[in-house]
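Report on the structure
Chain by chain, the residues:
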Amino acid sequence: MKKARLTKQKQVILDVLRSTKSHPTADWVYEQARKELPNISLGTVYRNLNVLKDMGEILELNYGSSQSHFDGNPENHYHFVCEDCRKVYDIEMPLNEAINTQACNETGFVIKGHRLEFYGLCEECQKLD
Ligand SMILES: [Zn+2]
Ligand SMILES: [Zn+2]
């Protein structure tokens, strides 16, 4: 991985994201970053999130419905989205490389990877039923 020098702002935003597994929205990142950099603006946070995404340091998760969520872990991994509380969880399971081959066999395309999301009810929301 390339070791680009990060500005203080980017470093703080990256630290915020790497310190949580909650896949927060930009608003939440902004609230946390302000504790470190009181003068930072929401616009600056958005801009830096985009740059960090382009640098491959973070992932942007967009499930259509609402705001994007950001992930400090840029490696491919699977997610679970709760349809009730909209929280995004990591699913700790090995990547299914077999479906890449399957998709390749089906299409003849060069398959470089896949993204996978699971949907349903998280543990907390099941209890509320
Ligand atoms: Zn839930
Ligand atoms: Zn994740």
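I will try to describe carefully the structure that is included in this document. Since we're looking at a predicted model, the values are computed, not measured.

Observations regarding the overall build of the chain
Scanning the chain from N- to C-terminus turns up five helices and five strands. Listed N to C, the secondary structure of the chain is α-α-α-β-β-β-β-α-β-α in terms of helices and strands. Its C-alpha atoms give the chain principal-axis dimensions of roughly 50 × 45 × 25 Å. The buried share of the chain, reckoned over its 129 residues, is 35%. In the chain, the share of contacts with a sequence separation of at least 24, taken over all contacts with a separation of at least 6, comes to 52%.

A word on the layout of surface pockets
In this structure, the largest pocket spans a volume of roughly 160 Å³. Every residue along the wall of the largest pocket is listed here: Lys21, Ser22, His23, Pro24, Ser66, His69, Cys85, Arg86, Lys87, Val88, Tyr89 and Asp90. For the lining of the largest pocket, the leading source of residues is strand β4 (residues 88–91), giving three residues. Looking at the lining of the largest pocket, its residues break down into four nonpolar, four polar and four charged.

Considering the coordination of the zinc ion (ligand 2)
For the zinc ion (ligand 2), the protein coordination sphere consists of His23 (NE2), Asp71 (OD), His77 (NE2), His79 (NE2) and Asp90 (OD), at 2.0 to 2.2 Å. Donor residues for the zinc ion (ligand 2) sit on one chain with the sequence pattern H-x47-D-x5-H-x1-H-x10-D. Exposure class is identical for Asp71 and His77. Each is buried.

Points about the pattern of salt bridges
For the structure shown, the criterion picks out six salt bridges. Glu124 is paired through a salt bridge with Lys127; the nearest N and O atoms lie 3.3 Å apart. Taken together, the positions of Glu124 and Lys127, both in helix α5 (residues 123–127) and three residues apart, correspond to about one turn of that helix. A cluster of three or more residues bridged by salt bridges with shared partners is formed by Lys21, Asp90 and Glu92.

What counts and what doesn't
- Residues numbered from 1 in each chain as written.
- Chains lettered and ligands numbered in written order.
- Predicted model: local features only at pLDDT ≥ 70, side-chain atom pairs only at ≥ 80, totals over all residues.
- Heavy atoms only, no water.
- Helix = DSSP H or I, 4+ residues; strand = E, 2+ residues; numbered from the N terminus.
- Buried < 20%, exposed > 50% of the residue type's maximum accessible area, 1.4 Å probe, protein only.
- Contact = heavy atoms within 4.5 Å.
- 1 Å grid on protein atoms, 1.4 Å probe; cavity = no way out; pocket = protein on both sides within 12 Å on 5 of 7 lines; lining within 4 Å.
- Points joined across faces, edges and corners; volume = space filled by probe spheres on them.
- Nonpolar A, V, L, I, M, F, W, Y, C, P; charged D, E, K, R; others polar.
- Donors = N, O, S within 2.8 Å, 3.2 Å for Na, K, Ca; no water.
- Salt bridge = Lys/Arg side-chain N within 4 Å of Asp/Glu carboxyl O.

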